[in-house]
Amino acid sequence: SSGTIADSRVHGQLSFSTGTDAAPSVLTERMTILNSGNVGIGTTIPKNPFSVVTEQSAQYPIAGEIYSGDSVGAIYLGRKARGTAALPTAALANDVLTGLVGIGYTGSAFSAEAVHVTLRASENFSSTNQGTYIVFETTPNGSTGASRAERMRVLGSGNVGIGTTTPTNTLGVQGTGYFSGSLF
């Protein structure tokens with residue numbers, strides 16, 4: 001196949017296009033870098049610093065693959081600092097270090113953020129203090145993302161809280177529960 005790099009679509013923007021083996025001169029734009037710095041793959045109007053858009057039934061629009069002789073697999077890295085890139089300062093307690101957000105299309109627009117998994121600092125970060133916790137937030141059936149609430153938290157100690165943000169035991173449940181089988 002063939003390809004081209006062009007900057008003529010919009011002044012100050014960069015477009016990457018490719019052809020196919022069957023029609024090398026018929027180019028399709030594959031990647032765009034806007035003058036804002038936003039990069040789009042599969043879109044000419046990336047709305048975020050890095051946007052990947054596909055209309056294919058791709059199971060994973062972004063995938064990492066590692067082939068090695070050890071046990072390490074593909075890991076997503078999210079980094080958080082306060083300040084600026086030139087002068088970063090320490091992450092503070094409750095800062096989101098990284099996370100995942102799920103948003104669905106309603107038929108007329110994308111919904112509010114309906115589900116969150118966030119990894120957060122549990123203390124002000126330093127070279128010796130780097131405690132963390134994980135928060136799981138969901139939206140109940142029959143409601144909107146505005147009703148999203150924390151459902152479970154895993155503390156740095158390993159304690160898990162369901163319905164509580166401060167579990168003091170290995171498993172802390174606030175509310176009713178049901179157990180089937182033996183409970184030791």
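Structural notes, computed from the coordinates. Everything quoted here is computed from the prediction, not taken from an experiment.

So, how was this worked out
- Residues numbered from 1 in each chain as written.
- Predicted model: local features only at pLDDT ≥ 70, side-chain atom pairs only at ≥ 80, totals over all residues.
- Heavy atoms only, no water.
- Salt bridge = Lys/Arg side-chain N within 4 Å of Asp/Glu carboxyl O.
- Pairing = 2+ DSSP bridges.
- Helix = DSSP H or I, 4+ residues; strand = E, 2+ residues; numbered from the N terminus.
- Axes fitted to C-alpha atoms, helices over the stretch in contact; angles between N-to-C directions.
- Buried < 20%, exposed > 50% of the residue type's maximum accessible area, 1.4 Å probe, protein only.
- Polar contact = N/O pair within 3.5 Å; in protein donor to acceptor, adjacent residues only side chain to side chain.
- Contact = heavy atoms within 4.5 Å.

### Overview of the pattern of salt bridges
A complete count under the given rule lists three salt bridges for this structure. Taking the shortest distance from any N to any O, the salt bridge between Glu 150 and Arg 153 comes out at 2.8 Å.

### Some thoughts on the pairing of strand β9 (residues 115–121)
Note on strand geometry: in a regular strand, side chains alternate between the two faces of the sheet. Relative to β9, strand β8 (residues 96–102) runs antiparallel, the two sharing six bridges. What sits directly across from Thr 98, in β9, is Leu 119. Here β9 pairs with strand β10 (residues 132–138) via six bridges, running antiparallel. Pairing of Thr 118 across the sheet is with Val 135, part of β10.

### Description of the environment of Ser 127
Here Ser 127 lies in the loop between β9 and β10. Residues Ser 127 and Arg 30, spaced 97 residues apart in sequence, show a C-alpha to C-alpha distance of 42 Å.

### Examining the sheet that holds strand β12 (residues 160–162)
Whether parallel or antiparallel, the strands of a sheet pair through hydrogen bonds between backbone atoms. One open sheet holds the six strands; their spatial order is β8-β9-β10-β11-β12-β13, and the pairing between them is mixed. The sheet is open, and its two edges are formed by β8 and β13 (171–173), each paired on a single side. The sheet shows a mean angle of 15° between the axes of neighbouring strands, taken without regard to direction. Pairing geometry for β12 and β13, over three bridges, is parallel. Considered in β13, the bridge of Val 160 is made with Leu 171.

### A word on unusual backbone geometry
Its identity as a non-glycine residue notwithstanding, Asn 94 has a phi of 75°, on the positive side. Assignment of secondary structure puts Asn 94 in the loop between β7 (88–89) and β8.

### Section: the environment of Met 31
Position of Met 31 among the secondary structure elements: in strand β3 (residues 28–33). With 21 residues separating them in the primary sequence, Met 31 and Val 52 have C-alpha atoms 9.2 Å apart.

### Describing the side chain of Thr 43
Checked against the element boundaries, Thr 43 lands in the loop between β4 (39–41) and β5 (50–52). By relative accessible area, Thr 43 is classed as buried at 14%. At 3.1 Å, the side chain of Thr 43 and the backbone nitrogen of Ile 45 are in polar contact. Apart from residues no more than four positions distant in its own chain, Thr 43 is found in contact with Thr 32, Ser 51 and Val 53.

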